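# Chain and residue survey
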Amino acid sequence: MELQLSQEEESFRQEARAWLQEQLNGPFKDLRGRGASGDQDTYVEERIAWGKVMGAAGWNCIGWPKAFGGRGCTIKEEAVFNEEYVRANGPGNVGHIGETLLGPTLIHFGTQAQRERFLPPIVSGDEIWCQGYSEPGAGSDLANVQTKATLVGGEWVIEGQKIWTSGAQYSDWCFVLCRTDSDAPKHRGISYILVPMKQDGIDVRPIKQMGGSAEFAEVFFDGAKAASDHVVGGVNNGWKVAMGTLAFERGASTLGQQYLFQKEFEQIVEVAKRTGASKDPIFRQRIAAAWIGLKNMRVNALRTLEHEGADLSREALISKLYWSNWHRDLGKLAMDLLGPEAELIEGPPYELTALQKWYLFSRADTIYAGSNQIQRNIIGERGLGLPKEPR
Amino acid sequence: MEFSFSEAQDELRRAARRFLEVASSEERVRAAMETERGYDRGAWTQLSEELAWTALTIPEELGGLGMSYLDLHPLMEEMGRVLLCAPYFSTICLGANALMLGGSTEQQERHLPGIAAGELTATLAYSERNNRTDADGVETSYSWVGTECVLSGQKYYVLDGHTADLLIVAARAKGSSGTEGVSLFLVPRDAAGMNCSWLPSMDQTRRLASVNLDGVRVSSDALLGKEGSGWDLCERTLDLARIALAAEQVGAAEMCLDMSVEYAKVRKQFGRPIGSFQAIKHKCADMLTMIESARSAAFYASALAAQGEEDLSEAASSAKAFCSDTFFHCAAENIQIHGGIGFTWEHPAHLYFKRAKASEVLFGAPSFHRERVAQRLEL
């Protein structure tokens, strides 16, 4: 079941495959498969170096317009590249927040000066970004952000706290949702500010996750500074900018993600055969159901990629909810198949097996990037036109 | 393979919806439900003669339009949407498919033009009272007497078996077992010794029948396909039927969602539409998530069939398992979202709920199909 490719798209695939093969069998072979979910805090420096090599060879930000340093690739080509990347066991991309969130936001809402300052180092892999959205009191209710920015002497001074900030430990910049007007209704007093991370007013404290690794962090802002013209989309207009960012995901990463899921599924089948669980009628049902779900996701993705028109199609809207539940169920199935062996870790102090890592990490899948509950609100309201919750 | 419907397929869907809104309105469905025949002859004549739907998948040289199985897909979705009561599914997805897959030129020339014109209805009689979906379920037997074949036994759960003009009957050679020894026979409705009668069922929108064969004699040209290889033909026919049924289930599930959403927007409690409550909104979101995924499963299977892929078992079973679960889930949630009114005879929700269960158990329940997928995965 493959995407239909034109001759140019097919040669694009070959080009990507050849380059990735060469790099990941050569100078970067130690990075293969590292830095995935549950393993994001490993090989960070090496992965930053890898991002620069990708950039120099023109493989970062390939979906951006050429005018902004991208390749102007179509969504199909992006999907193909992502698939090849995963196929080649490419490491977790530390630059993905800049590439997929900040870059498109600046292209859409930024000033010319902001684009010129910030886009080139994202393309080259020289600057790493993190996302300053969630706060202790602003999770699903994102508009409740309390981190405050005030203009003092021609620059922004920021006070407050962000949390669950992935990659804050090694990022150079953060786009921070700040309250800039406390008197306005809560959606209207927010600004989207670009803040350098390496400064005195910022304290990053990694948070250890249930799997033992620390991929996200708390970020404390205590008099942190940002330039006055580093507000995106205008002062007090940050909510609109943040919501716009959500619409940029059009499914380019789905094929790569499915390739990863496919490999996990294959591991599960191996486990089932090894433990003899594959002869159990109930496990057979569950494994078959997982396989059916995996294929459904693939067709959903292929339908999304072939959908023409500016609107997000219904099969795109359900994507996050469907894959995250599927993946969480697969993690549980893996442990169930192992029986008592599910408990044995790789070794002390707390080195988990690969299956244990994704079993635990998949519990986050249904929470981050819009929890299941938020996804269902979005599907209900945007997909089905149901009335909003009174607020 | 392309993963979107063509413009022509979208147009067929729109035309079908316009026609079926009238020809298969709730009122007409309820009227058909009350009859033993189980369908509206006027609507049947219109859809076969005026719209040529019966001709759609039949080759042009046999009086059809020679369109693909993927072209049929939107039509099946639309038929499911309105619970069309008609012998279309049995005639086209069982009868015509079996003839196209296994019929000799002579057999195809004799029967397919009539089916295309809407003059002949047909069905497949493979299942029996033992409730099995595999070859061992075929207990009806045949034996040769000279150049004639004598069939004896009882077929059960035969779709539209009491009205079909032509029955394709699965029987096994006496003494054989498993997939060996099963053959299919074309038996005309008026054959001496064959007695077809309606089996009243919980779902009143689709008719089941029992077929008693008491020494029914047919000549050797009644044999469909090679003697002894009938189970393979039966299975391939069933897989095509499962794919069409899956598409039908998607359409019906989507209708359940549309009913729910519409109601949730207008029904007010605590001073606001119930659709603004997450308890209802999230149910609807889950329904949509299942429906779009079910559509993907059915679409993929239809597209494979349209490509002429010979072994459709995995795709058909995946689609049938997932679409069955989806339709049942949506039909059940539709009742819950409607509350008391959804539980009444007057409201159409129960018609969908009943069709959902009937479709779920037809041609193998989801667990049967998941096991079949498990075998394909070599577990």
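Residues numbered from 1 in each chain as written. Chains lettered and ligands numbered in written order. Predicted model: local features only at pLDDT ≥ 70, side-chain atom pairs only at ≥ 80, totals over all residues.

## Focus: the overall build of chain A
The helix and strand tally for chain A stands at 12 helices and eight strands. Here the C-alpha coordinates of chain A stretch approximately 70 × 50 × 45 Å along the principal axes. When burial is assessed residue by residue, chain A has 45% of its 391 residues classed as buried. (Helix = DSSP H or I, 4+ residues; strand = E, 2+ residues; numbered from the N terminus. Buried ≥ 20, exposed ≤ 12 C-beta atoms within 10 Å, placed from the backbone.)

## Let's talk about the overall build of chain B
The helix and strand inventory of chain B stands at 11 helices and 10 strands. Taking 379 residues into account, the globule formula puts the C-alpha radius of gyration at 21 Å, and chain B, at 21 Å, falls close to it. The principal-axis extents of the C-alpha atoms in chain B amount to approximately 80 × 50 × 40 Å. Counting the 379 residues in chain B, one finds 56% classified as buried. Taking contacts inside chain B between residues at least 6 apart in sequence as the whole, the part at least 24 apart equals 74%. (Rg over C-alpha atoms; globule rule 2.2 N^0.38 Å. Contact = placed C-beta atoms within 7 Å.)

## Description of helix α7 (residues 230-266) of chain B
Helix length check: α7(B) (37 residues) gives 54 Å between terminal C-alpha atoms against 54 Å at 1.5 Å per residue, within 8%. Counted residue by residue, α7(B) has 32 buried out of 37 residues, so it is predominantly covered. (Expected span 1.5 Å × (residues − 1).)

## Observations concerning the pairing of strand β1 (residues 122-125) of chain B
It is a general feature of regular strands that their side chains alternate between the two faces of the sheet. All names here are of chain B. Residues of β1 alternate between two faces, with Ala 122 and Leu 124 on one and Thr 123 and Ala 125 on the opposite face, all of them buried. Relative to strand β4 (residues 166-173), β1 runs parallel, the two being bridged by four bridges. Bridge pairing in β4 places Thr 123 opposite Leu 167. (Pairing = 2+ DSSP bridges.)

## Regarding the environment of Asp165(B)
Residue and element names in this part refer to chain B. Summarising the element assignment, Asp 165 is placed in the loop between β3 (148-159) and β4. The exposure class of Asp 165 is partly exposed, given the 18 C-beta atoms found within 10 Å. With 42 residues separating them along the chain, Asp 165 and Thr 123 place their C-alpha atoms 8.3 Å apart. The residues contacting Asp 165, other than those within four sequence positions of it, are Leu 120, Thr 121, Ala 122 and Arg 189.

## Topic: unusual backbone geometry
The phi angle of most residues is negative, glycine excepted, and most peptide bonds adopt the trans form. Following Pro348(A), the chain continues to Pro349(A) via a peptide bond in cis, the omega torsion being 0 degrees. Look at Ala369(A): it is not a glycine, yet its phi comes out positive at around 50 degrees. If you trace the backbone, Ala369(A) turns up in the loop between α11 (354-365) and α12 (372-383). Residues other than glycine seldom take positive phi values, yet Phe270(B) does so here, at roughly 55 degrees. Turning to its location among the elements, Phe270(B) is positioned in the loop between β9 (268-269) and β10 (272-273).

## Notes on the interface of chain A and chain B
Listed per partner, the contact involves 36 residues of chain A and 35 residues of chain B. Sorting the residues of the side of chain A that touches chain B by element identifies α7 (254-275), α8 (281-306), α9 (314-317), α10 (319-338) and α12 of chain A as the ones contributing at least two each. Per-element tally for the side of chain A that touches chain B: the top contributor is α8(A), with 14 residues. Here the residues of the side of chain A that touches chain B are counted per class, giving 18 nonpolar, nine polar and nine charged. (Nonpolar A, V, L, I, M, F, W, Y, C, P; charged D, E, K, R; others polar.)

## Quick notes on the pairing of strand β7 (residues 208-219) of chain B
Residues and elements named next belong to chain B. Two elements, β3 and β7, share 10 bridges in a ladder whose sense is antiparallel. Directly across from Val 158, in β7, lies its bridge partner Ala 209. In terms of strand pairing, strand β6 (residues 194-199) meets β7 through six bridges, oriented antiparallel. Counted as the bridge partner of Cys 196 is Val 211 from β7.

## As for the packing of helix α4 (residues 69-81) of chain B against α7(B)
Residues and elements named next belong to chain B. Running from N to C, α4 and α7 point in directions that differ by 45 degrees, and their axes come no closer than 6 Å. One finds that α4 runs oblique with respect to α7. The interaxial crossing formed by α4 with α7 has right-handed handedness. Across from Leu 72, His 73, Met 76, Glu 77, Glu 78, Met 79, Gly 80 and Arg 81 in α4, the residues of α7 making contact are Ala 244, Ala 247, Glu 248, Gln 249, Val 250, Gly 251, Ala 252, Glu 254 and Met 255. (Axes fitted to C-alpha atoms, helices over the stretch in contact; angles between N-to-C directions. Parallel < 35°, antiparallel > 145°, perpendicular 65-115°, else oblique. Left-handed = near helix turned anticlockwise from the far one by under 90°.)

## Digging into the nonpolar core
Within soluble globular proteins, side chains that are nonpolar generally end up buried alongside one another. Residues and elements named next belong to chain B. Counting residues in each nonpolar core, the largest one holds 231 residues, and the members touching the most others are Val 169, Phe 185, Ile 243, Ala 297, Ala 298 and Ala 301. Sorting elements by how many residues they give to this core places α7 first, with 21 residues. Excluding residues within four positions of it along the chain, Ala 298 makes contact with His 73, Ile 243, Ala 246, Ala 247, Val 250, Ala 319 and Cys 323. (Core = buried A, V, L, I, M, F, W, Y, C linked by C-beta atoms within 7 Å.)

## A word on helix α8 (residues 278-306) of chain B
Residues and elements named next belong to chain B. Compared with an ideal rise of 1.5 Å per residue, which puts 29 residues at 42 Å, α8 spans 41 Å between its outermost C-alpha atoms and is within 8% of the ideal. Judged by how many residues are buried, α8 sits mostly within the fold: 25 of 29 residues are covered. Positive phi appears at Gly 308, one or two residues downstream of α8, with a value of about 85 degrees.

## Some words on the confidence of the model for chain B
When the pLDDT values of chain B are averaged, the result is 97; 100% of them are 70 or greater. Of the two predicted TM-score estimates for the complex, the pTM is 0.94 and the ipTM is 0.96. (pLDDT = per-residue confidence, 0-100.)

## Considerations on the environment of Met287(B)
All names here are of chain B. Its place among the elements puts Met 287 in helix α8. Here Met 287 falls in the buried class, since 26 other C-beta atoms lie within 10 Å of it. In contact with Met 287, not counting residues within four places along its chain, are Leu 257, Ser 260, Cys 330 and Glu 333.

## What about the packing of helix α1 (residues 7-25) of chain A against helix α3 (residues 75-87) of chain A?
Axes are the key here: two packed helices are described by the angle between their axes and the distance separating the axes. Residues and elements named next belong to chain A. Remark: α1 packs on α3, axes separated minimally by 9 Å, with the N-to-C direction vectors making an angle of 30 degrees. For the element pair α1 / α3, the angle class is roughly parallel. As α1 packs across α3, the resulting crossing turns out to be right-handed. Together, Glu 9, Phe 12, Arg 13, Ala 16, Arg 17 and Leu 20 of α1 and Lys 76, Glu 77, Val 80, Phe 81, Glu 84 and Tyr 85 of α3 make up the contact between the two elements. When the residues that make up the contact of α1 with α3 are grouped by side-chain class, the tally is six nonpolar, no polar and six charged.

## Some details on the environment of Met290(B)
All names here are of chain B. Structurally, Met 290 is set in helix α8. Counting along the chain gives 41 residues from Met 290 to Ala 331, while the straight-line C-alpha distance between them is 12 Å. If we ignore the near neighbours within four places in the chain, the residues touching Met 290 are Thr 326, His 329 and Cys 330.

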